[in-house]
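Coordinates in review
Chain residues, written in single-letter form:
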Amino acid sequence: MHEFKLKNLALIPLHIILWIVVWLFYIYFFSYAAANEEFVLYFATSLLPITITVTYIIAYYLIPRFLLEKRYLLFSTYLLYTIVGSLFLIIIITFINFIFLSNYDMKQMPLLTRNFLFVFILVYIITGLVSLVQVLRYNYKAINRNTALEKKLLEGQLTLKEKELYYLKEQIHPHFLFNTLNTIYGAALTESKDTPDLILKLSNLLDYTLNQIEKKTVAISEEVLYISSYIGLEQVRFRDTLKVSFSKKIDSDIQVPPMLFIAFIENAFKHGSPHDSILHIKISLEVSDKQLHFSIKNTIKEDSSPKENHGLGMQNSIKRLETLYPNAYALNTHTSKGWYYLELIININ
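Here the structure is a predicted model, which means the values were calculated and not measured.

1. Some remarks on the overall build of the protein chain
Tallying secondary structure elements over the protein chain gives eight helices and seven strands in all. For the protein chain, the accessible area works out to roughly 21,000 Å², and carbon and sulfur atoms hold 62% of it.

Below you can see the structure in the form of structure tokens.
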């Protein structure tokens, strides 16, 4: 508020200079073919307050209060009142100057002061110019405000997306660690000879997770190696109760966000159900320089619905896709004859 007042005070000298220039213009203009210089001086001086009043009413009250607010009927009504009132005042000051300065002699009045309509038009030319400048100022301020608002909204959206992505990544960690540590714990209880291999696989997976998760993108080949390591870990855990295949066709080593597919794969292991004591999972990944096609299907209970197979990891992955690939991806899921199907297509550029 204090800054606003200082800005207004800084404009006062400019307004004073403006009206001095207008007053001098009136004197110069009405002096055309005029012998009575005293009449010109008094007429210009008495006309100036009317011009100032009309200008400020229109430019600083009617325009911002009604015109810019699209209250056109009220603006037109009050503008009409202002025009009628100003015309009446112009007639009054013309008669007063005629009575006291020309001795009731029309010939002693300067030529350009005799026509009420001409004087009226001159006043509104000044008012119109000032109002036009004021409208341009209002528009300029509005554009700046809108630009600043859009910038703040954009910054807010980017910050929100960054935070959302951060929390999505953070939520992947405990889920992943829970599954893998359970695997190692189970192997350790049975004193399995696979325990060292499991620990090594976990070490590799954690190394990838800790080193790559903070990156915006990684090569798809690195992501494939991560998925293969994860599948290998699960194969040891499930042993003969799992049949999993991972087919891949990568024609372009594109960049993708790290751990983009892991939630879908984890979902298959977590929510899948065996058929004839065996859990079947089939994963496919095809990549070109224009499109990424990922699909996975796993066996489920016959009466399962898609919603039953959508855990927290799935929900987070969907949010992540919306953040990273807005309007550039398609994710479809359905169940059919004891199988759960998921297909993800991402358009690259």
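After that view, the rundown keeps rolling.
2. Let's talk about the packing of helix α6 (residues 220–238) against helix α7 (residues 262–271)
Packing of α6 against α7 leaves a shortest axis separation of 11 Å and a crossing angle of 15 degrees. The angle between the axes of α6 and α7 places the two elements in the roughly parallel class. Between α6 and α7 lies a crossing whose hand is right-handed. Facing Tyr226, Ile227, Tyr230, Glu234 and Phe238 of α6, the residues of α7 in contact are Ile262, Ile265, Glu266 and Phe269. Its residues assigned to classes, the contact of α6 with α7 shows seven nonpolar, no polar and two charged.

3. A short note on the sheet that holds strand β6 (residues 329–336)
Strand order in this open sheet of five strands is β2-β4-β5-β7-β6, and the pairing throughout is mixed. Each edge of the open sheet carries a strand with a single partner, namely β2 (242–250) and β6. Across the sheet, the mean angle separating the axes of adjacent strands is 5 degrees when strand polarity is ignored. Taken together, the nine bridges between strand β5 (residues 291–299) and strand β7 (residues 339–347) define a ladder with antiparallel strand orientation. Residue pairing across strands places asparagine 298 opposite tyrosine 340, the latter belonging to β7. Sitting on the sheet, α6 is in contact with β2, β4 (279–287) and β5, with an inclination near 170 degrees to β2. Contacting β2, β4, β5, β6 and β7, α7 crosses the sheet at an angle of about 10 degrees to β5.

4. Quick word on the nonpolar core
Counting residues in each nonpolar core, the largest one holds 46 residues, and the members touching the most others are Phe261, Leu292 and Phe294. When residues of this core are traced back to their parent elements, those giving at least two are α5 (195–212), α6, β2, α7, β4, β5, α8 (312–324) and β7. Per element, the largest residue contribution to this core is nine residues, and it comes from α6. Not counting the four nearest positions on each side in its chain, phenylalanine 294 is found in contact with Phe261, Phe264, Ile265, Ile283, Ser284, Leu285, Leu342, Glu343 and Leu344. If you look at the next biggest cluster of nonpolar residues, it comprises 30 residues, including Val54, Leu62, Leu101 and Tyr124.

5. Points about α7
The buried fraction of α7 amounts to eight of the 10 residues, a majority that puts the element mostly inside the structure. Three or more residues of α7 are buried, namely Ile262, Ala263, Phe264, Ile265, Glu266, Asn267, Ala268 and Phe269.

6. Describing unusual backbone geometry
For residues other than glycine, phi is negative in most cases, and the peptide bonds are mostly trans. In this model, methionine 259 sits at a positive phi of 55 degrees, which is unusual for a non-glycine residue. Summarising the element assignment, methionine 259 is placed in the loop between β3 (255–256) and α7. A residue is classified by how much of its surface remains accessible, and methionine 259, at 2% relative accessible area, is buried. Even without a glycine there, the phi angle at asparagine 327 is positive, about 60 degrees. Mapped onto the elements, asparagine 327 comes out in the loop between α8 and β6.

7. With respect to the environment of glycine 186
Take glycine 186: it is sitting in helix α4 (residues 116–189). Under the relative-accessibility criterion, glycine 186 is labelled partly exposed at 30%. C-alpha separation for the pair glycine 186 and arginine 237, spaced 51 residues apart in sequence, amounts to 8.2 Å.

8. Structural notes on the pairing of β6
Looking down a regular strand, the side chains alternate between one sheet face and the other. Pairing of β6 with β7 involves eight bridges; the strand directions are antiparallel. Residue alanine 330 lies in a different strand from β7, and its bridge partner there is isoleucine 345.

9. Observations regarding the confidence of the model for the protein chain
Confidence in the prediction for the protein chain averages 81 pLDDT; 84% of positions are at 70 or higher. Within the protein chain, no element has a lower average pLDDT than α4, which sits at 74, and none a higher one than β4, at 95. Here residues 1–6 is modelled with pLDDT under 50, and outside its nearest four sequence neighbours on either side it reaches zero contacts, counting other chains as well.

10. A short note on a nonpolar patch on the surface
Taken together, the side chains of Phe88, Leu89, Ile92, Phe95, Ile96, Ile99 and Phe100 define a hydrophobic patch exposed on the protein surface, amounting to about 680 Å² of accessible area. Here phenylalanine 100 shows up in helix α3 (residues 72–101).

11. Concerning the side chain of glutamine 134
Locating glutamine 134 in the fold gives a position in helix α4. What makes glutamine 134 buried here is its relative accessible area of 5%. Apart from the residues lying within four places of it in its own chain, the contact partners of glutamine 134 are Ala59 and Tyr60.

About the criteria used
- Residues numbered from 1 in each chain as written.
- Predicted model: local features only at pLDDT ≥ 70, side-chain atom pairs only at ≥ 80, totals over all residues.
- Heavy atoms only, no water.
- Helix = DSSP H or I, 4+ residues; strand = E, 2+ residues; numbered from the N terminus.
- Areas by Shrake-Rupley, 256 points an atom, 1.4 Å probe, with all protein chains shown as cover.
- Axes fitted to C-alpha atoms, helices over the stretch in contact; angles between N-to-C directions.
- Parallel < 35°, antiparallel > 145°, perpendicular 65-115°, else oblique.
- Left-handed = near helix turned anticlockwise from the far one by under 90°.
- Contact = heavy atoms within 4.5 Å.
- Nonpolar A, V, L, I, M, F, W, Y, C, P; charged D, E, K, R; others polar.
- Pairing = 2+ DSSP bridges.
- Core = buried A, V, L, I, M, F, W, Y, C linked by side-chain atoms within 4.5 Å.
- Buried < 20%, exposed > 50% of the residue type's maximum accessible area, 1.4 Å probe, protein only.
- pLDDT = per-residue confidence, 0-100.
- Patch = residues over 30% accessible without salt bridge, like charges linked within 9 Å, V, L, I, M, F, W, Y side chains within 5 Å.
- Salt bridge = Lys/Arg side-chain N within 4 Å of Asp/Glu carboxyl O.

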